[in-house]
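Commentary on secondary and tertiary structure
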Amino acid sequence: MLFDTHTHLDAEQFDEDREEVIARALEQGVTQMINIGFNRETIPTTMKLAESYDFIYAAVGWHPQDAITMQPGDLEWIEKLCAHEKVVAIGEIGLDYYWDTSPKDVQHRVFREQIRLAKRLNMPIVIHDRDAHEDVVRILREEHAEECGGVMHCFSGSWEIAKQCLDLGFYISFGGPLTFKNARVPKEVLANVPNDRFLIETDSPYLTPHPYRGKRNETGYVRLVAEAAAEIKGLNLEEVAKITMKNAQACFRLG
Ligand SMILES: [Zn+2]
Ligand SMILES: [Zn+2]
């Protein structure tokens, strides 16, 4: 039984065959998923999925790439949705210096506001960090994000950065890159992360694992991530499934 802690099943890439993709995931043993709504368009589609399927949870937040589009009232909208029984986290939120679609100061403000909301509501946060490791950690520390906790999704930083996130009580989540032959850093990081602090995810339809790299990613492929994790950790697939299920339930305070 696997838990894909970060997926975008509402993405238009699945418009033709969403039902089949979900059915295939279940066949692969993926029994729990968190769909991420991250802006004005994807929050409603995420809520719809969470309301349609028992095993799909929702996270809602404002993505750093979309920070510039956040309007007065949107934070209140997110707050209201957090009362919904299927909403388990605020996210994905954070910083993205790769695409640079929103100015840094706006990204920082929107990130900080959502951390404060998460603390107030006692909700975990899902962090998106692309090429912004130092600033993400600095803001998490300055805002005392250890009070709400959460997960560093599809973590791409060094062990040194990972260690600081672990010290703040965050979980570290790994996706498709773990399966790439040349991805030395995430493998090294996972080898060092304690067994009770890592999660697995797909971030589908993006970041497709080997051997499907270059094609659309889907939630069922989280099994490939789990297999790669098992090899790195010297565990079997069943053990990784058990551990990551337990970790995800603790991180998102389920059951
Ligand atoms: Zn992300
Ligand atoms: Zn995502």
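Before going into details, it helps to say that this report is about the structure given with it.

1. Overview of the coordination of the zinc ion (ligand 2)
At this site the zinc ion (ligand 2) is bound by H6 (NE2), H8 (NE2), E92 (OE) and D203 (OD), with donor distances of 2.1 to 2.6 Å. Coordination geometry of the zinc ion (ligand 2): the four donor atoms subtend angles of 82 to 177° at the metal centre, consistent with an arrangement described as irregular. In primary sequence terms, the donor set of the zinc ion (ligand 2) follows H-x1-H-x83-E-x110-D. Distance-wise, the zinc ion (ligand 1) is placed 3.5 Å from the zinc ion (ligand 2), both being coordinated by E92. With a gap of 111 residues between them, E92 in strand β4 (residues 87-96) and D203 in the loop between β8 (198-200) and α8 (222-233) connect regions that are remote in the sequence. Residue class for E92 comes out buried when judged on its relative accessible area of 3%.

2. Side note on the pairing of strand β3 (residues 56-60)
Burial runs high along β3: five of the five residues are buried. The alternating pattern of β3 places I56, A58 and V60 and Y57 and A59 on opposite faces, both of which are buried. The pairing of strand β2 (residues 30-37) with β3 spans five bridges and is parallel. Directly across from N35, in β3, lies its bridge partner A58. For the crossover from β2 across helix α2 (residues 42-52) to β3, the handedness is right-handed. Sheet topology places β3 next to β4; three bridges connect them, and they run parallel. Looking at β4, one finds that A59 is bridged to A89.

3. Focus on the coordination of the zinc ion (ligand 1)
For the zinc ion (ligand 1), the full set of protein donor atoms is E92 (OE), H128 (ND1) and H153 (NE2), and the range of their distances to it is 2.0 to 2.1 Å. Site description for the zinc ion (ligand 1): donor spacing in sequence, E-x35-H-x24-H. On the basis of relative accessibility, which here comes to 6%, the residue H153 falls in the buried class.

4. Re the packing of α2 against helix α3 (residues 74-81)
Each pair of packed helices gets described by two things: the angle between the helix axes and the distance between those axes. Following both chains from N to C, one finds α2 and α3 inclined at 5°, their axes separated by 12 Å at the closest point. On the basis of the axis angle, α2 is roughly parallel to α3. Contacts between α2 and α3 pair I43, P44 and M47 from the former with W77, I78 and L81 from the latter. Within the contact of α2 with α3, the residues separate by chemical class into six nonpolar, no polar and no charged.

5. Here we look at the side chain of Q107
Relative to the elements of secondary structure, Q107 occurs in helix α4 (residues 104-121). At a separation of 2.8 Å, a polar atom in the side chain of Q107 contacts the main-chain amide nitrogen of D96. When neighbours within four sequence positions are excluded, Q107 is seen to be in contact with P64, A67, G94, L95, D96, Y97 and S102.

6. Quick look at α3
Of the positions making up α3, those classed as buried are D74, I78 and L81. With its buried residues spanning 65° around the axis, α3 presents them on a single face. On its buried face, α3 is in contact with α2, β3, β4 and α4.

7. Points about the pattern of salt bridges
In this structure the tally under the stated criterion is 17 salt bridges. Of the charged contacts, one joins E147 and K119 as a salt bridge, the two residues approaching to 3.7 Å between their closest N and O atoms. Of this pair, E147 sits in the loop between α5 (133-142) and β6 (150-152) while K119 is found in helix α4, placing the two residues 28 residues apart along the sequence. Using a relative accessible area of 51% as the deciding quantity, one classes E147 as exposed.

8. A look at the nonpolar core
Counting 69 residues, the largest nonpolar core has F111, I125, I127, L140, M152, F170 and I172 as the members making the most contacts within it. Listed in part, the 16 residues of the second largest apolar core include I36, V151, M245 and A248.

Thresholds applied
Residues numbered from 1 in each chain as written. Chains lettered and ligands numbered in written order. Predicted model: local features only at pLDDT ≥ 70, side-chain atom pairs only at ≥ 80, totals over all residues. Heavy atoms only, no water. Donors = N, O, S within 2.8 Å, 3.2 Å for Na, K, Ca; no water. Tetrahedral: all angles 85-135°; square planar, octahedral: opposite > 155°, others 65-115°. Helix = DSSP H or I, 4+ residues; strand = E, 2+ residues; numbered from the N terminus. Buried < 20%, exposed > 50% of the residue type's maximum accessible area, 1.4 Å probe, protein only. Pairing = 2+ DSSP bridges. Right-handed = clockwise from strand over helix to strand, strands pointing away. Axes fitted to C-alpha atoms, helices over the stretch in contact; angles between N-to-C directions. Parallel < 35°, antiparallel > 145°, perpendicular 65-115°, else oblique. Contact = heavy atoms within 4.5 Å. Nonpolar A, V, L, I, M, F, W, Y, C, P; charged D, E, K, R; others polar. Polar contact = N/O pair within 3.5 Å; in protein donor to acceptor, adjacent residues only side chain to side chain. Arc of directions from axis to C-beta. Salt bridge = Lys/Arg side-chain N within 4 Å of Asp/Glu carboxyl O. Core = buried A, V, L, I, M, F, W, Y, C linked by side-chain atoms within 4.5 Å.

Distances and angles like these do not, on their own, reveal function.
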